[in-house]
Amino acid sequence: MLIASVSDFRKDIKRYLDKVSKNFETLIINRGKDSGIVVMSLEEYNSLMATNRELSSRTNELRLDAAIEKLKAGKSFEKQLSEE
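Attention here is on the structure that accompanies the text. A quick note: this is a predicted structure, and the numbers were derived from the prediction, not measured. (Residues numbered from 1 in each chain as written. Predicted model: local features only at pLDDT ≥ 70, side-chain atom pairs only at ≥ 80, totals over all residues. Heavy atoms only, no water.)

1. With respect to the overall build of the protein
From N to C terminus, the protein includes four helices and three strands. Based on the C-alpha atoms only, the size of the protein along its principal axes is roughly 55 × 35 × 25 Å. The 84 residues of the protein split such that 11% are buried. A sequence separation of at least 24 residues applies to 25% of the contacts in the protein between residues at least 6 apart. Accessible surface for the protein amounts to roughly 7400 Å². Of this, 52% is attributable to carbon and sulfur atoms. Charged side chains in the protein number 15 positive and 14 negative. The centres of these two groups are separated by 5 Å. (Helix = DSSP H or I, 4+ residues; strand = E, 2+ residues; numbered from the N terminus. Buried < 20%, exposed > 50% of the residue type's maximum accessible area, 1.4 Å probe, protein only. Contact = heavy atoms within 4.5 Å. Areas by Shrake-Rupley, 256 points an atom, 1.4 Å probe, with all protein chains shown as cover. Lys, Arg positive; Asp, Glu negative; His and termini not counted. Charge placed at Lys NZ, Arg CZ, Asp CG, Glu CD.)

So this is what it looks like as structure tokens:
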């Protein structure tokens, strides 16, 4: 995670944005006491939104938890998909 003041960000905006996009860094731009802005790559944002959708219903959350437990217990299997 990167942290910068508004003036530091303004001075070197390209370098900060390159780090965010290329290194999947999250940038927090500090704007004073208890105030800030978070900058992240579009790919990271989309990933967070997909996770949020998957966990938005209790049913989905329980299914994911059950799948994780199966994987941890070694009760998973591999299946070959046919190519068409």
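2. Things to note about the pattern of salt bridges
Any two side chains of opposite charge can pair, so long as their charged atoms come close to each other. This model, assessed by the stated rule, comprises three salt bridges. Put simply, Asp18 and Lys14 hold a salt bridge, and the shortest N to O gap is 2.7 Å. One end of the pair is Asp18 and the other is Lys14, both in helix α2 (residues 13–23) and four residues apart, which spans about a single turn. Taking the relative accessible area as the measure of exposure, Lys14 reaches 58% and is therefore exposed. The salt bridge partner of Arg58 is Glu61, with a shortest N-O separation of 3.5 Å. Of the two residues, Arg58 and Glu61 are both situated in helix α4 (residues 58–72); the distance of three residues between them amounts to about one turn of the helix. (Salt bridge = Lys/Arg side-chain N within 4 Å of Asp/Glu carboxyl O.)

3. Some words on the packing of aromatic side chains
Scanning the model with the defined rule gives one aromatic pair in all. Between Phe9 and Tyr16 the ring centres are 6.0 Å apart and the planes differ by 45 degrees, which places this aromatic pair in the tilted class. With respect to class, Phe9 is no different from Tyr16; both count as buried. Across from the ring centre of Tyr16, 4.8 Å away, lies the NZ or CZ of Arg15, which sits over that ring. (Phe/Tyr/Trp six-rings, centres within 6.5 Å; stacked < 30°, edge-to-face > 60°. Lys NZ or Arg CZ within 6 Å of the ring centre and 35° of its normal.)

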